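What the coordinates show
Listed below, chain by chain, are the residues.
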Amino acid sequence: MIFKNLLRVTIWNLPNLFFSIIFPFLNKIYYQFKLKYKYNYATKLHLITSGSTQIYISRKKRLSFYSHGIDNRLKNLSFEYYLDQIEFKENDLVIDVGANIGEVGKYLYEKFKCRIFAFEPEASEFEALKRNLDNHKCQLFNFPLWKSEKDMKLYKNNDSGDTSLFENHDFKSSINVKTRTLENVLNKNYDKNLLIKL
């Protein structure tokens, strides 16, 4: 048990270059995640493929979310957000606030062809989001939403996906950002078929 924990901590904390060499081998003989893995040195993103589906992630520690495949992860998110309780139709508008890498938007676009407005203020998560929701029905915004437009601090905690405008005890760093309001972004570009996911 101690060896397993030591191995886990060591592997997941390796620099991306070494991790990208070691993980595929360890996945075959030890982890056996239902995915293929590749690190893109140019974008600094991790690409995982499961069946015919692929998704980019910005943090290697999130790979474990996909241990049973990408489709399983997206179905679990659908369950967590009660999306399976909503009758979506093609072109329904979904506002994804704190979209992270775009998993929820990816699920709703691929399953229902919803229009997605995804907001993610953190730069590395936004890079993955751009690649995961790269289609004409998705509009992506690299800034946070707030009740007014103003300068604020963004508290970053990327490993847990808990980057926030609210200071919390787990944040790793902070940056200054300019907020926008949803009303100004939408500018009457919506109808009654609207879902806001926070």
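A few points on the structure. (Residues numbered from 1 in each chain as written. Predicted model: local features only at pLDDT ≥ 70, side-chain atom pairs only at ≥ 80, totals over all residues. Heavy atoms only, no water.)

In terms of regular secondary structure, the protein chain is built from 6 helices and 9 strands. Here the C-alpha radius of gyration of the protein chain, 18 Å, is about what a compact globule of 198 residues would show, namely 16 Å. With the C-alpha coordinates of the protein chain rotated into their principal frame, the extents come out at 55 × 35 × 30 Å. A buried classification covers 44% of the 198 residues belonging to the protein chain. (Helix = DSSP H or I, 4+ residues; strand = E, 2+ residues; numbered from the N terminus. Rg over C-alpha atoms; globule rule 2.2 N^0.38 Å. Buried < 20%, exposed > 50% of the residue type's maximum accessible area, 1.4 Å probe, protein only.)

Another aspect to go through is unusual backbone geometry. Trans is the prevailing form of peptide bonds, just as negative phi is the prevailing case for residues other than glycine. A positive phi angle, near 60°, is found at glutamine 32, a position not held by glycine. Take glutamine 32: it is sitting in the loop between helix 2 (16-31) and strand 1 (36-40). Judged by its relative accessible area of 54%, glutamine 32 falls in the exposed class. Not every positive phi belongs to a glycine, and asparagine 91 is a case in point at roughly 75°. Its location among the elements puts asparagine 91 in the loop between helix 3 (70-80) and strand 4 (93-97).

A few words now on the sheet that holds strand 4. Two strands in a sheet stick together by hydrogen bonds in their backbones, pointing the same way (parallel) or opposite ways (antiparallel). With parallel pairing, 4 strands are arranged side by side in an open sheet as 6-5-4-9. Sheet topology places strand 6 (138-141) and strand 9 (194-197) at the edges, where each strand pairs with a single neighbour. Mean inter-strand twist for the sheet, computed between neighbouring axes without regard to direction, equals 10°. One ladder, built from 5 bridges, connects strand 4 with strand 5 (residues 115-119); its direction is parallel. Pairing of valine 94 across the sheet is with isoleucine 116, part of strand 5. (Pairing = 2+ DSSP bridges. Axes fitted to C-alpha atoms, helices over the stretch in contact; angles between N-to-C directions.)

Turning our attention to the pattern of salt bridges. Considering all chains together, one arrives at 10 salt bridges under this definition. Arginine 73 is the partner of glutamate 103 in a salt bridge, and the nearest nitrogen-oxygen pair spans 3.0 Å. In this pair, glutamate 103 is assigned in helix 4 (residues 103-112) and arginine 73 in helix 3, connecting sequence segments 30 residues apart. The exposure class of glutamate 103 is buried, given its relative accessible area of 6%. Among the ionic pairs, lysine 130 bridges to glutamate 127, the shortest N-O distance being 3.0 Å. Highlighted residues: lysine 130 and glutamate 127, both in helix 5 (residues 123-132), separated by 3 residues, approximately one helical turn. A cluster of three or more residues bridged by salt bridges with shared partners is formed by Arg59, Glu122 and Glu125. (Salt bridge = Lys/Arg side-chain N within 4 Å of Asp/Glu carboxyl O.)

Time to look at the side chain of serine 58. Tracing the backbone through its elements, the reader meets serine 58 in the loop between strand 3 (53-57) and helix 3. The class for serine 58 is buried, based on a relative accessible area of 8%. Beyond its immediate sequence surroundings of up to four residues, serine 58 is in contact with Leu45, His46, Ile101, Ser124, Glu125 and Ala128. (Contact = heavy atoms within 4.5 Å.)

It is worth spelling out the pairing of strand 5 at this point. Among the 5 residues of strand 5, 4 are classified as buried, and the element is accordingly described as predominantly covered. In this fold, strand 4 hands off to helix 4, which returns the chain to strand 5; that crossover is right-handed. For the crossover that starts at strand 5, traverses helix 5 and ends in the parallel strand 6, the hand is right-handed. (Right-handed = clockwise from strand over helix to strand, strands pointing away.)

Together, Leu17, Phe18, Ile21, Ile22 and Tyr41 make up a nonpolar patch on the protein surface, roughly 490 Å² of accessible area in all. As for its position among the elements, tyrosine 41 is in the loop between strand 1 and strand 2 (45-50). Taking the relative accessible area as the measure of exposure, tyrosine 41 reaches 47% and is therefore partly exposed. (Patch = residues over 30% accessible without salt bridge, like charges linked within 9 Å, V, L, I, M, F, W, Y side chains within 5 Å. Areas by Shrake-Rupley, 256 points an atom, 1.4 Å probe, with all protein chains shown as cover.)

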